[in-house]
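Remarks on the overall topology
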Amino acid sequence: MMLKNKWFLLFILLLATILSPLDFYIVNLALPAIQQSLQATNSELQMIVSFYTCAYAVFQISGGRLGDIYGRKNVFILGLFGFVFFSALCGCAQSSTMIIVGRIGQGVSGAIMIPQVLAIVQGIFNEKEKRLVMALYSFTFGIAAALGQYLGALLIEWNLFDLGWRIIFLVNLPVGILALLLALVALPKQEIKTGETIDYQGTLFLTLGLMSFIYPLTTSIEDGITLHTIGYLLGAIVFIYLFVRFEKERKREGKSVLVDFDIFQYRNLKLGVIISFLYYASGVFYLVFGIYLQKEWHWSSMEAGKAIIPFGVGFIVMSLCSSILSKYLKEALLSVGLMLYMLGFILLMITLYQYHPIVFKVNLFVIGCGMGLTLASVVRLSLSNIPIQFAGLASGAVNCGLQIGSAFGVAALGSVFFALTEIKNYTFAFAFVLGLICLLLLIAFYLSLRMRKGWGE
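Residues numbered from 1 in each chain as written. Predicted model: local features only at pLDDT ≥ 70, side-chain atom pairs only at ≥ 80, totals over all residues. Heavy atoms only, no water.

1. Focus: the nonpolar core
Buried together is how nonpolar side chains tend to be arranged in soluble globular proteins. Counting residues in each nonpolar core, the largest one holds 115 residues, and the members touching the most others are F76, F285 and F430. Looking at which element gives the most residues to this core, the answer is helix α20 (residues 426-453), with 14 residues. Here F430 is in contact with F285, V288, F289, Y292, L348, L352 and F417, once residues within four sequence places are set aside. Of all hydrophobic cores here, the second largest spans 20 residues; its members include I34, A40, V49 and L155. (Core = buried A, V, L, I, M, F, W, Y, C linked by side-chain atoms within 4.5 Å. Buried < 20%, exposed > 50% of the residue type's maximum accessible area, 1.4 Å probe, protein only. Helix = DSSP H or I, 4+ residues; strand = E, 2+ residues; numbered from the N terminus. Contact = heavy atoms within 4.5 Å.)

2. Looking at a nonpolar patch on the surface
A surface patch of nonpolar side chains, amounting to about 360 Å² of accessible area, comprises I177, L181, L184 and V185. Note that V185 resides in helix α10 (residues 172-186). (Patch = residues over 30% accessible without salt bridge, like charges linked within 9 Å, V, L, I, M, F, W, Y side chains within 5 Å. Areas by Shrake-Rupley, 256 points an atom, 1.4 Å probe, with all protein chains shown as cover. Salt bridge = Lys/Arg side-chain N within 4 Å of Asp/Glu carboxyl O.)

3. With respect to the packing of helix α17 (residues 332-353) against helix α18 (residues 357-383)
The interhelical angle for the contact between α17 and α18, taken along N-to-C directions, is 155°, at an axis separation of 7 Å. Relative to α18, α17 is oriented roughly antiparallel. Handedness of the crossing formed by α17 with α18: left-handed. Among the residues forming the contact of α17 with α18, the class breakdown is 18 nonpolar, 7 polar and no charged. (Axes fitted to C-alpha atoms, helices over the stretch in contact; angles between N-to-C directions. Parallel < 35°, antiparallel > 145°, perpendicular 65-115°, else oblique. Left-handed = near helix turned anticlockwise from the far one by under 90°. Nonpolar A, V, L, I, M, F, W, Y, C, P; charged D, E, K, R; others polar.)

4. Things to note about the packing of aromatic side chains
Taken as a whole, this structure holds 28 aromatic pairs when the rule is applied. Arranged with centres 6.2 Å apart and planes meeting at 40°, the rings of F289 and F430 form a pair that is tilted. With F289 in helix α14 (residues 284-295) and F430 in helix α20, this pair connects stretches of sequence that are 141 residues apart. The burial state of F289 is the same as that of F430; both residues are buried. Aromatic ring contacts, followed pair by pair, group Y279, Y280, F285, F289, Y292, W297, W299, Y341, F345, Y355, F360 and F430 into a single cluster. If you follow R103 out to its NZ or CZ, it ends over the ring of Y52, 4.2 Å from the centre. The positively charged end of K424 is found above the aromatic ring belonging to F428, 5.5 Å away from the centroid. (Phe/Tyr/Trp six-rings, centres within 6.5 Å; stacked < 30°, edge-to-face > 60°. Lys NZ or Arg CZ within 6 Å of the ring centre and 35° of its normal.)

5. What to know about the packing of helix α1 (residues 6-17) against helix α7 (residues 96-124)
The contact between α1 and α7 brings their axes to 10 Å, and the two run at 165°. As the angle between them shows, α1 and α7 are arranged roughly antiparallel. Considering the relative orientation of α1 and α7, their crossing is left-handed. Mapping the contact onto sequence places K6, L9, L10, L13, A16 and T17 in α1 and M113, I114, V117, I120, V121 and I124 in α7.

6. As for the pattern of salt bridges
Under the definition given, this model contains 4 salt bridges. With a closest N to O distance of 3.7 Å, R103 and D23 form a salt bridge. In this pair, R103 is assigned in helix α7 and D23 in helix α2 (residues 19-26), connecting sequence segments 80 residues apart. Of the two residues, R103 and D23, neither departs from the other in class, the shared state being buried.

7. What to know about the environment of L287
The topology assignment puts L287 in helix α14. Given the relative accessible area of 29%, L287 is considered partly exposed. With 103 residues separating them in the primary sequence, L287 and F390 have C-alpha atoms 34 Å apart.

8. Describing unusual backbone geometry
The phi dihedral of Q39 is positive, around 55°, even though this residue is not glycine. Here Q39 lies in the loop between α3 (31-38) and α4 (42-58). Among the residues examined, Q39 registers a relative accessible area of 64% and is labelled exposed.

9. Focus on α7
End to end, α7 covers 42 Å across 29 residues, agreeing with the expected 42 Å (1.5 Å per residue, within 8%). The element α7 is largely enclosed, with a buried count of 22 among its 29 residues. (Expected span 1.5 Å × (residues − 1).)

So yeah, pure geometry; function would need other evidence.
What follows is the structure, given as C-alpha cells:
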C-alpha cells in the first residue's frame, strides 16, 4: 500500500520539513511591507526575525526528547499542527506584538516537529538508504534557500487576494494541512515509554541558559554590547552549569533526564554538533548579503531576492549529488563540502573588489554547492550508528547546534558588520564578515578531519 511505503512517508516528512526553513528566508524581504502595515518599529522588525530563530534553537533538544517519550508520530503531528496554527495567527496579525507572538509559536512548533523527522528516518531506513535520504533532506533546505527570499518578494508584488504581506504566512496553511492529514493516516505509531516523564526542571535550566545566551546576541545588533548583555551571558553560564550538574545528579538517582550525557561518548555526534555550530554560523551571510546589495550597489529588494538564486541552485544540485558522491568519498565528503563552501566565500571576497556579473553568479553557485554537500554530510555522519533509543535526543542535539550557530552568526557577526559600516563602508564590512566566516569554516574543516580519522576519543 502506497501510504505505508517508506519513501512516501519520507515525502510527508519533507513536505512538513520545508515549512520551517522557508519561513526563515521568506520573511526577510517582507519586513518593509510589514513595518508599513503594522507601524512596527525597527526593534520590532528585529524581533520578528530573531525571536523565531531563538525559539527554534532553544527547544530543539526538548522537542527531540518529547518524541522519545511520547511517541514521534504524536509529537510530530503536535508540532505540525502548532506550526499551521501560528502561521495563521501571523497571517491575521493586527499588531506587531501579535505577529511576534506568532513567530515565537512558529519557532517552538518547528523545534518540536523537526527532530521527529530525523528520528523517524533513523528508524525506517537502513544505513545504505540514508545516503539518499540525507541528500533529499538537504535538498529540502536547498529549495527553501533558493526560493525563500525571492518567493517572499514575489508573493507581495502579486498581492494575491489583496492580502499583501500576509500571504507569506498564509501560504503555509494548505501545505501544512495536507502534510498533517497524510501524517495522521500514514506515519507509523511508536510505542510510548510510559515509565518516563519529562524532566521539567532540567528543561527550565536548559531553556533559560540557551535563551540567556541567544537573546542578548540577537538584540546586540541594535543595542550594542551593554551591561545587560554581559549580565545575560554570565547568567547563561550559570544556568548551563546548573543544568549539567542537575542532569548528572538525576542520572545517578535513576530518574529520567532531558539530556543523557552518555550520548556524547559517540565521537561522531560530539564533533558533529560542534561542526554544525561553526558551519551554520554562516547564516549571517543571508542577512548581510541582501543589505549589502541594496545599500552599496543600490539594488531593489526584488533584484536582491533574485541574486540568491544561483546559491540555491548550487545547494539543490549538490544536495541531490551528495548521495552518489558519498559512495566514493564516504566520510571525506564532509571535509570536501566545508572546503568548497570556504572556497566560495574566498572567491566572493575577491569579486567584491573586481566585480564581473558571471563570476559573481558562479561564486554564489560554488557557495551553494559547498553548503549543500556539508548539510547532507554533517547530519548523516553525526547520527550514524546512534542507538535508536537516542535518535530523538541526538537529532535534537544536531539541530540545536545548527540553529544556535545560525543565531550566533546573525547576532555576533552581524554586529561586527553594522559596526564596520559606521567606520568604513559596506564593501569592507561585508568582506571582513566573509573572512570571519572562513575562519570558522577552517576550524570546522579541521574537526571534520578528526571525525574522519578517528581522533579525539
